[in-house]
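If you want the building blocks of each chain, they are given just below.
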Amino acid sequence: MTRKTESVPAPTRRRLSWNDPATRALLYQVIVVGLVGFVVWYLVSNTLHNLAVRNISTGFGFLGREAGFAIGESPVAYTPADTYGRAVWVGLLNTLRVSIIGIILATLLGTLIGIARLSKNWLVSGVASVYVEVMRNIPLLLQLFFWYAIITESMPGPRQALEPLPGVFISNRGLLMPSLQGDAIDWILGGLGVAIVLVLLVAHWARKRQAATGQIFPLGSVSIALLLALPLAGWMASGAELNVDVPVLKGFNFAGGIALSPEFTALLAGLVIYTSAFIAEVVRSGIQAVGQGQWEAANALGLPRARALRLVILPQALRVIIPPMTSQYLNLTKNSSLAVAIGYPDIVSVVNTTLNQTGQAIEGILIIMAAYLTVSLSISIFMNWYNKRIALVER
Amino acid sequence: MKLQKALVIGASVLCFGATAHAGETFDAVKKKGFVQCGVHTGLPGFGIANSKGEWEGIDVDLCKAVAAAVFGDSTKYKTTPVTTQQRFTALQSGEVDVLTRNTTATLTRDTTLGLMSTGINYYDSQGIMVKKELGITSAKELDTATVCVQPGTTTELNLADWFRANGLKFTPVVINSPDEAMRSYEGGRCDAFTTDKSGLATVRTTLPNPDDHVILPEDFSKEPLGPMVRQGDDEWFMVVRWALNAMLEAEEYGITSQNVDEMVKSDNPNIQRILGASGEMGKGMGIDNKWAYNIIKQVGNYGESFERNIGMSSPMKLERGLNAQWKDGGLMYGWPIR
């Protein structure tokens, strides 16, 4: 006896009754959204009411007022006559400056140490292990104080500054170097920008060509040649003038040239050394996650250990490495807020001063939260995109 | 945005009813039985922990005076050390009842923070300290110098203003804790250190060679230092203001913690009113009539507090200067208790 299974026709109209699961789901969602909205409205209105009753000013109008305080170092021009808004912007630029350079250096150092820990050389792997264990377990704030103390107390004063190279001075006011003045800078930076874009395009084209024909393109040497030649060409095009601004001791400090302040250096050193210990472990775990069979296969193909690592293991290890690496980058960015302890004017330090002078604590904290959220989300989005790109597409 | 804010505030006022905050802090303090004071984290003479871990200084004495006025017992207080960056938020949020932390009274602080200054317990000015070996005699020679300063203070603003007004340049090194700032100055990271002149004198005593440092003569600003309370509580404001006044009046009439018991029997009607032997001065403030007697007996008058903490018999050796009584040419002028 055969039974024919009849297909049940799908309902063509949603029934608006309690029995319909879709209706129930919709109702629950409306209730939850309404509750959340009510809680948010209540909190905001209660806060505004309390602030008004206590006569504390609210609103972001203070960002247009004159700041009145000076900032120790700033990548853009800033004077105490500028607005609070500009001061906050300078703080954000300082945070970005130390975070981006810190991320790049920490990644390089961390990867090296992670690979070193897997070395067959007993001394190399021992030193790497000791480094990781020590640096991971000392609180970052103590490390920052340590580096700051070393830099400011062991370096001589500006009048007795060391001069290892003509025009380069090292003192407890920082590392000063001669800088180029005039239009030459813009042409050189322009050349550098064009070179970077060209390198990326050439790399893309070389990868395609290798996939199609198997020919290897000497990308490394070509990139270096481009990165050196194009800025040089830019400088030539701008008139080939060498307008160097050498730092000169005037009064108490050096005038001219560009400086790396002790605060920036101490913060960078502390963040890079601390975070690189964590990144080393992430890299090591990624490499060890790749199956032993891959090493043996690479060996069987005759690849030496270094090339096997670079061409076979690391691309596969990257999939395991990228998500925890994203966390480490975000940690580094947020840890840069410890700068306030050693006097580096990052965004937390500047906004703290602002909220103290204006009394508007809530707006100040909101600004800091928004800044860190934006920076962190940007890093996350970029890393997630990269992760997707290199992910193994499994059938 | 303004309309929206007005609607929201209107709606919430209807919801919560008219909230009159008069007396809120005063009632809360009386109910909990002690005064919570915000004090300095560590400034010798003004607010610093002694070897037993208790806070002492002229600001802490004022806190004790408020406790004596409200409860009759100057030990009914607790101290919360706050940094320059936390002090106003601590008072605004209710974490402390009164801020006795050598805070300068300014217009912005009185009008935009929801706080009020109750009076001045120390008239000061901002100064700058440099090492003697630099051979500098005037702050006008400090062009391009690096100066250590603490964040979120009028010091920071005055420093920028003064250098700008005189057409000089400087680089600030902004460090949160005063100890770290002093260490940076001493280690040579900064050429100069700036704060109120009383602060400069007191921290100089903590340096290994105090005579190697000189405080330059220029006054960068006026710094009238005094306690602050929240707006909206007039009763509490009165108590804090008149506690300080009692100490000033007592010094003017020669009442000290040693002779206060004899002074109670005095024939001078002013002294009788101050000490509660006649009149009902305490009733209008909602406190005991012997409020001033308790303050003077347990804490002392202004002169005693000054001498013991920062005067010539203390390591700070600050002269009365502007803080002498008006009869001695200073600015301390107690309001009459009558």
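Residues numbered from 1 in each chain as written. Chains lettered and ligands numbered in written order. Predicted model: local features only at pLDDT ≥ 70, side-chain atom pairs only at ≥ 80, totals over all residues.

This part is about the overall build of chain A. For chain A, the count of helices and strands is 11 helices and 8 strands. Here the C-alpha radius of gyration of chain A, 28 Å, is well above what a compact globule of 395 residues would show, namely 21 Å. Along the longest, intermediate and shortest principal axes, the C-alpha atoms of chain A span 105 × 80 × 50 Å. Residues counted as buried form 29% of the 395 residues belonging to chain A. Considering only residue pairs separated by 6 or more positions, chain A has 68% of its internal contacts joining residues 24 or more positions apart. (Helix = DSSP H or I, 4+ residues; strand = E, 2+ residues; numbered from the N terminus. Rg over C-alpha atoms; globule rule 2.2 N^0.38 Å. Buried ≥ 20, exposed ≤ 12 C-beta atoms within 10 Å, placed from the backbone. Contact = placed C-beta atoms within 7 Å.)

The subject of this paragraph is the domain arrangement of chain B. Residues and elements named next belong to chain B. Here chain B is described as being made up of domain 1 (23-122 + 227-328) and domain 2 (124-223). Domain 1 and domain 2 are separated by 29 Å when their C-alpha centres are compared. The interface is formed by 13 residues belonging to domain 1 together with 15 residues belonging to domain 2. Of the residues belonging to the side of domain 1 that touches domain 2, the class tally is 7 nonpolar, 6 polar and no charged. (Domains from an automatic or database assignment. Nonpolar A, V, L, I, M, F, W, Y, C, P; charged D, E, K, R; others polar.)

Moving on, we get to the interface of chain B and chain A. For an interface, size is often stated in terms of accessible area lost upon the parts coming together. Facing 41 residues of chain B, the contacting portion of chain A comprises 38 residues. When contributions to the side of chain B that touches chain A are tallied by element, the ones reaching two or more residues are α1 (2-16), α4 (87-93), β8 (145-149), α6 (154-165), β9 (170-174) and α7 (178-187) of chain B. Take the side of chain B that touches chain A: its biggest share by element is 6 residues, from α1(B). Split by residue class, the side of chain B that touches chain A holds 14 nonpolar, 19 polar and 8 charged.

With that settled, consider the nonpolar core. Generally speaking, soluble globular proteins have nonpolar side chains that are buried together. Formed by 84 residues in total, the largest nonpolar core has its most connected members in A:Leu267, B:Cys148 and B:Ala192. Broken down by element, this core gets its largest block of residues, 15 residues, from helix α7 (residues 262-289) of chain A. The residues touching B:Cys148, leaving out its near neighbours within four places in the chain, are B:Val173, B:Ile175, B:Ala181, B:Ser184, B:Tyr185, B:Cys190 and B:Phe193. One finds B:Phe26, B:Val66, B:Leu115 and B:Met332 within the second-largest nonpolar core, a separate group that totals 65 residues. (Core = buried A, V, L, I, M, F, W, Y, C linked by C-beta atoms within 7 Å.)

Moving on: the packing of helix α2 (residues 84-117) of chain A against α7(A). Residue and element names in this part refer to chain A. Viewed as axis vectors pointing N to C, α2 and α7 meet at an angle of 40 degrees, and their least axial separation amounts to 6 Å. Here α7 runs oblique to α2, going by the angle between their axes. For α2 against α7, the interelement crossing comes out right-handed. Residues of the contact of α2 with α7, tallied by class, amount to 15 nonpolar, 7 polar and 3 charged. (Axes fitted to C-alpha atoms, helices over the stretch in contact; angles between N-to-C directions. Parallel < 35°, antiparallel > 145°, perpendicular 65-115°, else oblique. Left-handed = near helix turned anticlockwise from the far one by under 90°.)

Another aspect to go through is the sheet that holds strand β2 (residues 168-171) of chain A. Residues and elements named next belong to chain A. Across the sheet, which stays open at both edges, the 4 strands sit in the order β1-β2-β3-β8 with antiparallel pairing between neighbours. Strands with a single pairing partner mark the edges of an open sheet, and in this sheet they are β1 (162-165) and β8 (258-260). Averaged over all neighbouring strand pairs, the angle between strand axes comes to 25 degrees, with direction disregarded. One ladder, built from 3 bridges, connects β2 with strand β3 (residues 174-177); its direction is antiparallel. (Pairing = 2+ DSSP bridges.)

Another aspect to go through is the packing of helix α8 (residues 292-300) of chain A against helix α9 (residues 305-335) of chain A. All names here are of chain A. Taken N-terminus to C-terminus, the directions of α8 and α9 make an angle of 155 degrees; their axes are 10 Å apart at the nearest point. Classified by the angle between their axes, α8 and α9 sit roughly antiparallel to one another. Taken as a pair, α8 and α9 cross one another with a handedness that is right-handed. Every residue of α9 that contacts α8 at Gln294, Trp295, Ala298 and Asn299 is listed here: Ala308, Val312, Ile313 and Gln316. A class-by-class count of the residues in the contact of α8 with α9 yields 5 nonpolar, 3 polar and no charged.

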